[in-house]
Every structure is written in structure tokens, then in C-alpha cells.
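Okay, here's what each chain looks like letter by letter:
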Amino acid sequence: MAGCCDPRGCDRIFGDRFAARTATRYRKRGLDRTARRMVGLLADRDVQGATVLEIGGGIGGIQLELLRRGAVAATNLELSPGYEREAAALIAEAGLTGRVQRRLVDIAADPAAVEPADIVVLHRVVCCYPDYERLLGAAADRARRLLVFSHPPRNLISRAAFAAQNLFFRARGSEFRTFAHPPAAMLDVLTARGLQPEYTHRGLIWRVAGLERR
């Protein structure tokens, strides 16, 4: 899973090798299906001249696609430094040097360190962070206009899958964990901060929610 995670053990999971595999896949195939859906949703609502904040953007593929569609600048927040080399190479290859700022910041722990943006994106991030209320609350407070995020469904299958993953991580001595947070409660955090749901996609593995500030 690309993206933000529990700081404990995050860089052991999302290190240089993971980043290299992700970058190779992006160069060959582009964004994954869910990320394409998220970019398309934002493009339909006009990204011309917009600033983008992506929390846990990994190698930064979503940011690059939004910049190609007219966004003016992007900021990526990460917890693991393992993505930086690959991300810098992709930015240079896209001819977008100078338009992406990459920072090692946990926005949930230090929201004041992050400037607001027109668009906030979280792709496959919330399921890797233990405190969804703090994470989504900080993200919502930084979204001037739009916020889009993906998350797994919360059902018996997903909870069993995450439990098995966490047993594996525990057996390896890793403190990293995954979480199937309640979707309705996550939306409640965002709506309490003035964002209104405008789009939902209920995929089998990943769901997408798009919200707008009115």
C-alpha cells in the first residue's frame, strides 16, 4: 500500500525497494484503477490553477497526473523517506521540477506545519493510520475546496484480511498495522469540518469518497 502509515515501522514497510517497484509499475502502466478514478473525479470538477496536497502520496503519481491536467503546484507529505529518490526521478522525467514540494511530516501529529491547499488527496492512506479522526480532521482543515480519499470497506472479509496481515507483521517483529475503519464515521469527521459528500464509489476492494466545501 502506497502512502502514509503508522510511524512505527513505516519506513521498514515502505522503503527503497518498495518505492522502486512502485515507480517501475507506474512507468509501465500508469496509475492503478482507483487512483485513475480519483484523478478523473477531480479533473471533472476543474483542477486548473489549483494547488494540491497529497497525504501519503508515495512516489507521487497522482500529483503528476493532476499537474498535467492543470494544477499549478503540489505538496506531498510522507512518513517514510524511502520514496524520495524515485519520486525525484519521476518529477524530472515529467518535466515538473520545481512544482512539487516533498516533505516528511505527519499532518495528524503536527497539522500547523502544513499549509492549506485547494485539493487534498489521500489514496490508500487511512487504512494504514491508527487514528483516522486526527488524520482526516487535519486533512479536512487543510482542504479549501475538495477532498478525495480511498478506503477499504469494513466487512467480515476486510477485517479478516487485515487481521491476517497484522498477524504477519507481528510475527516479523514489525509495529506496522493496517486498519478497517468505519466508513460512516470517517465521513462524519469530514462533514463536521464543513465538507459535503458529492461522490462515492463502492468498489469491491477500494471505495472512493469525494467531498466539497460549500
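Predicted, not measured: the structure shown is a model, and the values here were computed from it.

Undergrad: Sorry if this is basic, but what is going on with the nonpolar core here?
TA: Ranked by internal contacts, the top residues of the largest apolar core, which has 38 residues, are Leu-42, Val-52, Ile-62, Leu-66, Ile-119, Val-121 and Val-148. Every element with two or more residues in this core is listed here: helix H2 (16-29), helix H3 (33-44), helix H4 (61-68), helix H5 (84-93), strand E4 (117-122), strand E5 (143-151) and helix H7 (156-171). Ranked by the residues each element gives to this core, the list is headed by H3, at 5 residues. Discounting residues that sit within four places of it in the chain, Ile-119 has contacts with Leu-42, Val-47, Ala-50, Thr-51, Val-52, Leu-53, Arg-145 and Leu-146.

Undergrad: Looking at this structure, I do not really get the sheet that holds E5. What am I missing?
TA: The strands making up a sheet associate through hydrogen bonds between their backbones, and the pairing can be parallel or antiparallel. If you trace the 7 strands from one edge of the open sheet to the other, you get E3-E2-E1-E4-E5-E7-E6, paired in mixed fashion. Strands at the two margins of the open sheet, each flanked by one partner only, are strand E3 (100-104) and strand E6 (195-202). On average, each strand axis in the sheet is tilted by 15° relative to the strand beside it, whichever way the strands run. Note: E4 against E5, 5 bridges, orientation parallel. Along E5, the bridge assignment pairs Val-121 with Val-148. The sheet strands contacting H4 are strand E1 (51-55), strand E2 (73-78), E3 and E4, and the helix crosses E2 at an angle near 175°.

Undergrad: Would you mind going over the packing of helix H6 (residues 132-141) against helix H8 (residues 183-191) with me for this structure?
TA: Two measures define how a pair of helices packs: the angle their axes make with one another and the distance between the axes. In contact at an axis separation of 9 Å, H6 and H8 are set at 35° when each is read in the N-to-C sense. Where H6 crosses over H8, the handedness of that crossing is right-handed. Along its contact with H6, which presents Tyr-132, Glu-133, Leu-136, Gly-137 and Ala-140, the element H8 presents Ala-185, Met-186, Val-189 and Leu-190. Classifying every residue of the contact of H6 with H8 by side-chain character gives 7 nonpolar, 1 polar and 1 charged.

Undergrad: Honestly, the environment of Arg-142 in this entry has me stumped. Any pointers?
TA: Among the structural elements, Arg-142 can be located in the loop between H6 and E5. Judged by its relative accessible area of 15%, Arg-142 falls in the buried class. For the pair formed by Arg-142 and Pro-116, sequence separation is 26 residues and the distance between their alpha carbons is 4.1 Å. Each residue touching Arg-142, except ones within four places of it in the same chain, is listed here: Leu-53, Ile-107, Pro-111, Ala-112, Val-114, Glu-115, Pro-116, Ala-117 and Val-120.

Undergrad: It is not clear to me how empty space enclosed by the protein should be interpreted in this structure. Could you clarify?
TA: It is the rolling of a water-molecule-sized probe over the atoms that shows where space remains empty. On inspection of all chains with the given rule, the structure shows 1 cavity of 30 Å³ or more. Within this model, the largest cavity holds a volume of roughly 40 Å³. What lines the largest cavity is simply Leu-41, Leu-42, Arg-45, Leu-146, Leu-147, Val-148, Glu-198, Gly-210 and Leu-211. Residue contributions to the lining of the largest cavity peak at 3 residues, all from E5. Its residues assigned to classes, the lining of the largest cavity comprises 6 nonpolar, 1 polar and 2 charged.

Undergrad: How should a positive patch on the surface be read in this particular structure?
TA: On the surface, a cluster of positive charge is made up of Arg-17, Arg-21, Arg-25, Lys-28 and Arg-29. Looking at the secondary structure, you find Arg-29 in helix H2.

Undergrad: Is there a simple way to explain H2 in this structure?
TA: Because each turn of an α-helix spans 3.6 residues, side chains separated by three or four positions end up pointing in the same direction. Taking 1.5 Å of rise per residue, 14 residues should cover 20 Å, and H2 covers 20 Å from first to last C-alpha, within 8% of that figure. Buried within H2 we find Phe-18, Ala-19, Thr-22, Ala-23 and Tyr-26. Along the long axis of H2, the arc covered by the buried residues comes to 130°, so they all point the same way. Exposed residues on H2 whose side chains face more than 90 degrees from its buried face are Asp-16, Arg-17 and Lys-28. Note on H2: the residue one or two positions beyond its end, Gly-30, has a positive phi of about 80°.

Undergrad: Is there a simple way to think about the pairing of E1 in this case?
TA: For a regular strand, side chains alternate in direction, first toward one face of the sheet and then toward the other. Taking burial as the measure, the 5 residues of E1 include 4 buried ones, the bulk of the element. By the bridge criterion, 5 bridges tie E1 to E2 in an arrangement that is parallel. Paired with Glu-54 across the bridge in E2 is Asn-76. Note that the unit made of E1, H4 and E2 has a crossover that is right-handed. Here E1 runs beside E4; their pairing, made up of 3 bridges, is parallel.

Cut-offs used in this document
Residues numbered from 1 in each chain as written. Predicted model: local features only at pLDDT ≥ 70, side-chain atom pairs only at ≥ 80, totals over all residues. Heavy atoms only, no water. Core = buried A, V, L, I, M, F, W, Y, C linked by side-chain atoms within 4.5 Å. Buried < 20%, exposed > 50% of the residue type's maximum accessible area, 1.4 Å probe, protein only. Helix = DSSP H or I, 4+ residues; strand = E, 2+ residues; numbered from the N terminus. Contact = heavy atoms within 4.5 Å. Pairing = 2+ DSSP bridges. Axes fitted to C-alpha atoms, helices over the stretch in contact; angles between N-to-C directions. Left-handed = near helix turned anticlockwise from the far one by under 90°. Nonpolar A, V, L, I, M, F, W, Y, C, P; charged D, E, K, R; others polar. 1 Å grid on protein atoms, 1.4 Å probe; cavity = no way out; pocket = protein on both sides within 12 Å on 5 of 7 lines; lining within 4 Å. Points joined across faces, edges and corners; volume = space filled by probe spheres on them. Patch = residues over 30% accessible without salt bridge, like charges linked within 9 Å, V, L, I, M, F, W, Y side chains within 5 Å. Areas by Shrake-Rupley, 256 points an atom, 1.4 Å probe, with all protein chains shown as cover. Salt bridge = Lys/Arg side-chain N within 4 Å of Asp/Glu carboxyl O. Lys, Arg positive; Asp, Glu negative; His and termini not counted. Charge placed at Lys NZ, Arg CZ, Asp CG, Glu CD. Expected span 1.5 Å × (residues − 1). Arc of directions from axis to C-beta. Right-handed = clockwise from strand over helix to strand, strands pointing away.

These values are about where atoms sit, not about what they do.
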